Amino acid sequence: MTLGNPPIRRLGVAGLGTVGAALVKLLAARGDFAPSGERVVISGVCARSRAASRGADISPYVWFDDPVALARSPEIDIFVELIGGSEGVARAAVAAALEAGKPVVTANKALIAHHGAALAALAEARGVPLLFEAAVMGGTPAVKLVREALVADQIHSIAGILNGTCNYILSEMEQSGSSFSQVLKQAQALGYAEADPTTDIGGFDAAHKIVILAALAFGGAPDWGAAQVEGLQGVDLLDIRLAKDLGYRIKLVAAAARSAGGVAVRVHPTLLPLDHPLARADGALNALFIQGESTGRMFIQGPGAGPGPTAAAVAADIADVLAGAQRPVFQQPAVKLSQVRAAAPKALATKAYIRLIVRDEPGVIASVSETLAECGLSIDSFLQKHMEDSIGVPIVLTTHPAAEPVIFDAIARIGALPTMITPPRMLRIANI
Ligand SMILES: NC(=O)c1ccc[n+]([C@@H]2O[C@H](COP(=O)([O-])OP(=O)(O)OC[C@H]3O[C@@H](n4cnc5c(N)ncnc54)[C@H](OP(=O)(O)O)[C@@H]3O)[C@@H](O)[C@H]2O)c1
């Protein structure tokens, strides 16, 4: 049923990699998936190499070398951007399609996190949708959940495991007892991690996604500059073991939380209680935990990447374009969209896990306790563990919640004690 809307059905697909090739296959098999009754067909395609094997027959489609030319082509009604990257041709092609008054569907989280507000303004000025369900959690519907299903709720916080590569690495380290670098190499060999893993391991991919969810949850524009990002580098097998002894599992958690001081958007390795739903999302899974005023606690889990799930999410957005749904790209018209007030780092409080490797000498623990007391940091629990493979004696302290500057001050002072063998390691303990 088209309800008088013009029949929008010819796609231009830019990018024929993991997701693009899967979309070509999905549409060849089920081009009639849209509830509007219209058939979706690909008209033009574009990638870097025309000769590359795609695992899908692209011979029926018009080939474009230039994504911008495809985006502007009068032979397409909807532009699908599956190239990736916040800048360069992906950005230029999406802008060109919107300028030309064509609806855009993209899986590009980096683009939306960095330029979502400007692109939303362009889309709304031209009266066309810009949809990006596949950009967050791949095939698991996180964007529609937050943007549509929870629109009337007041969301307090969102916390997610939003990068399957990092989650796979942490799960494998715990299960196999292998080091970070060993598991990373194995993940690269299996295709779970990129040859250059910086975007995933550095926490940036998860940060792109939580920036988008924060904008939708808190009614602002995506604010990449306000995100505080720490990656997995330096997460030690020792910490995974010690955290487990204390009843926690370490995960790379991407979180956005609202408080009186503003919204904090952060990605960092986090200790989660073993019985927390996010702690149980293993392997390459993604998961999201939302706390809302009306809805209470909600948890979803599913595939966060992969060709099939991601292409299905792209197709779902195409169905929405065909249905003609008109709503702002974010939670308010782009002309009214502004960045939500970001919480100052000094206003953030956390419980901390502090791991020390100390010389096995009398008085060490007393000097650490005195230093913490001088800083006003109170200890919640204490664990001392003799480990055969450790160069000194590992000591772990967990603290009561404290302002982060207080914790960093204490760590700096403890790190300067002569009995420390390695610099202290601090990880935050979740308060979700
Ligand atoms: N992979 C996933 O599971 C997943 C999940 C969620 C979201 N996403 C997002 O989906 C997008 C695509 O990811 P992907 O994994 O499919 O990437 P990919 O496998 O690297 O594919 C990228 C495609 O873009 C093409 N391309 C790159 N530069 C180009 C240029 N200058 N001109 C024309 N084409 C160009 C490449 O052409 P060649 O093939 O000829 O090199 C390739 O076909 C990204 O934004 C990604 O973040 C991916």
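The preceding data block contains the structure.
We now turn to the structure provided with this report. In this text, all values refer to a predicted model and were calculated from it rather than measured experimentally.

### Examining the sheet that holds strand E4 (residues 78–81)
Reasoning step 1: The sheet built from 6 strands is open, its strands ordered E3-E2-E1-E4-E5-E6 with parallel pairing. Both outer strands of the open sheet, strand E3 (62–64) and strand E6 (130–131), are each paired with one neighbouring strand and no more.
Reasoning step 2: Relative to E4, strand E1 (residues 10–14) is paired through 4 bridges, and the arrangement is parallel. Within E4, the residue paired with Gly12 across the bridge is Phe79.
Reasoning step 3: Of the strands in this sheet, E4, strand E5 (104–106) and E6 are in contact with helix H3 (residues 88–99), which crosses E4 at around 165°.

### With respect to helix H11 (residues 307–323)
Reasoning step 1: Helix length check: H11, at 17 residues, gives a terminal C-alpha distance of 24 Å against a target of 24 Å (1.5 Å per residue), a fit within 8%.
Reasoning step 2: The elements touched by buried residues of H11 are E1, helix H1 (18–29), E4, E5, E6 and helix H5 (143–149).
Reasoning step 3: Two residues or fewer after H11 comes Gly324, characterised by a positive phi angle close to 75°.

### So, the nonpolar core
Reasoning step 1: Among the nonpolar cores identified, the biggest contains 87 residues, and Phe79 and Ile169 are the most heavily contacted of them.
Reasoning step 2: Ranked by residues supplied to this core, first place goes to helix H9 (residues 204–218) with 11 residues.
Reasoning step 3: The residues touching Phe79, leaving out its near neighbours within four places in the chain, are Gly12, Ala14, Pro67, Leu70, Ala71, Ala93, Val94, Ala97, Pro103, Val104 and Val105.
Reasoning step 4: Counting residues in each nonpolar core, the second largest holds 33 residues, with Ala22, Leu26, Ile42 and Ala311 among its members.

### Concerning the packing of helix H6 (residues 164–176) against helix H10 (residues 237–245)
Reasoning step 1: Where H6 meets H10, the closest approach of the two axes is 10 Å, and the angle between their N-to-C directions is 75°. Here H6 is positioned roughly perpendicular relative to H10, judged by the angle of their axes. Each of Leu170, Met173 and Glu174 in H6 lies in contact with H10, whose residues at this interface are Leu237, Ile240 and Lys244.
Reasoning step 2: Of the residues assigned to the contact of H6 with H10, the class counts are 4 nonpolar, no polar and 2 charged.

Reading the values: the criteria
- Residues numbered from 1 in each chain as written.
- Predicted model: local features only at pLDDT ≥ 70, side-chain atom pairs only at ≥ 80, totals over all residues.
- Heavy atoms only, no water.
- Pairing = 2+ DSSP bridges.
- Helix = DSSP H or I, 4+ residues; strand = E, 2+ residues; numbered from the N terminus.
- Contact = heavy atoms within 4.5 Å.
- Axes fitted to C-alpha atoms, helices over the stretch in contact; angles between N-to-C directions.
- Expected span 1.5 Å × (residues − 1).
- Core = buried A, V, L, I, M, F, W, Y, C linked by side-chain atoms within 4.5 Å.
- Buried < 20%, exposed > 50% of the residue type's maximum accessible area, 1.4 Å probe, protein only.
- Parallel < 35°, antiparallel > 145°, perpendicular 65-115°, else oblique.
- Nonpolar A, V, L, I, M, F, W, Y, C, P; charged D, E, K, R; others polar.

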